[in-house]
Amino acid sequence: MSVPFAAKRLGKELNKISSSLPPGIELVSADNFEEWLLDIKVLDNNPLYQNQTYRLKFRFSPSYPIEPPEVVFIQLPDRPIPIHPHIYSNGIICLDLLGQQGWSPVQNVESVCMSLQSMLTGNSKNERPPGDEEFVRANTMRPKDIQFYYHDNDV
């Protein structure tokens, strides 16, 4: 019986990130090839995120890496959801890299974490996306099923 491509790819990624990850990124758990948890920190002196650690949940479909992973921030007592114009208060991230049009199979867990670190590092706006409260209250879709309109490259 052959190993599904997603499992083979995730096995290789897990081997690599178990031994070396860039500074500020830490693997918390990867018990299977369906869901992984990682922590990220912003390493510069951005006062919005200084001394904070954020938890990311990756969910992989059997079509990974052809299809992007579903990635959200999750809130824990010591892990807030970062305030950012592209991160909703429920942890859903509006980032073209995580959508079908911006995703490429050459991306991986490490590159997604680094992109999110960079997105936070470059932010100077202490605000949520427009319509955050309404979106969080009314949204019933999984992040991968939301059709975001990517129009703001200034953040």
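These numbers were taken from a predicted model, which means no experiment stands behind them. (Residues numbered from 1 in each chain as written. Predicted model: local features only at pLDDT ≥ 70, side-chain atom pairs only at ≥ 80, totals over all residues. Heavy atoms only, no water.)

(A) Local environment of the environment of Leu120. Its place among the elements puts Leu120 in helix H2 (residues 109–121). Note on Leu120: relative accessible area 0%, which makes it buried. Not counting chain neighbours up to four residues away, the residues in contact with Leu120 comprise Ile40, Val42, Asn46, Tyr49, Tyr54, Phe73, Pro82, His84 and Ile87. (Helix = DSSP H or I, 4+ residues; strand = E, 2+ residues; numbered from the N terminus. Buried < 20%, exposed > 50% of the residue type's maximum accessible area, 1.4 Å probe, protein only. Contact = heavy atoms within 4.5 Å.)

(B) Inspection of H2 at higher detail. The first and last C-alpha atoms of H2 sit 18 Å apart over 13 residues, in line with the 18 Å expected at 1.5 Å per residue. For H2, the complete set of buried residues consists of Val109, Glu110, Ser111, Val112, Cys113, Leu116, Gln117, Met119 and Leu120. Structurally, the start of H2 carries an N-cap: the backbone nitrogen of Glu110 is 3.0 Å from a side-chain oxygen of Asn108. (Expected span 1.5 Å × (residues − 1). Polar contact = N/O pair within 3.5 Å; in protein donor to acceptor, adjacent residues only side chain to side chain.)

(C) Expanded view of the side chain of Asn123. Following the sequence through the fold, Asn123 ends up in the loop between H2 and helix H3 (132–138). Judged by its relative accessible area of 3%, Asn123 is buried. Among the polar contacts made by the side chain of Asn123, one reaches the main-chain carbonyl oxygen of Lys125 at a distance of 2.9 Å.

(D) Local environment of the packing of aromatic side chains. Using the criterion set out here, one finds seven aromatic pairs in the structure. Pairing Trp36 with Phe60 gives two aromatic rings, centres 5.0 Å apart and planes at 70 degrees, and the pair type is edge-to-face. Of this pair, Trp36 sits in strand E2 (residues 35–41) while Phe60 sits in the loop between strand E3 (53–59) and strand E4 (70–74), placing them 24 residues apart in sequence. Its relative accessible area of 0% is what places Trp36 among the buried residues. Grouped by ring-pair contacts, the aromatic residues Trp36, Phe58, Phe60, Tyr64 and Trp103 constitute a single cluster. (Phe/Tyr/Trp six-rings, centres within 6.5 Å; stacked < 30°, edge-to-face > 60°.)

On their own, these measurements won't tell you what the molecule is for.
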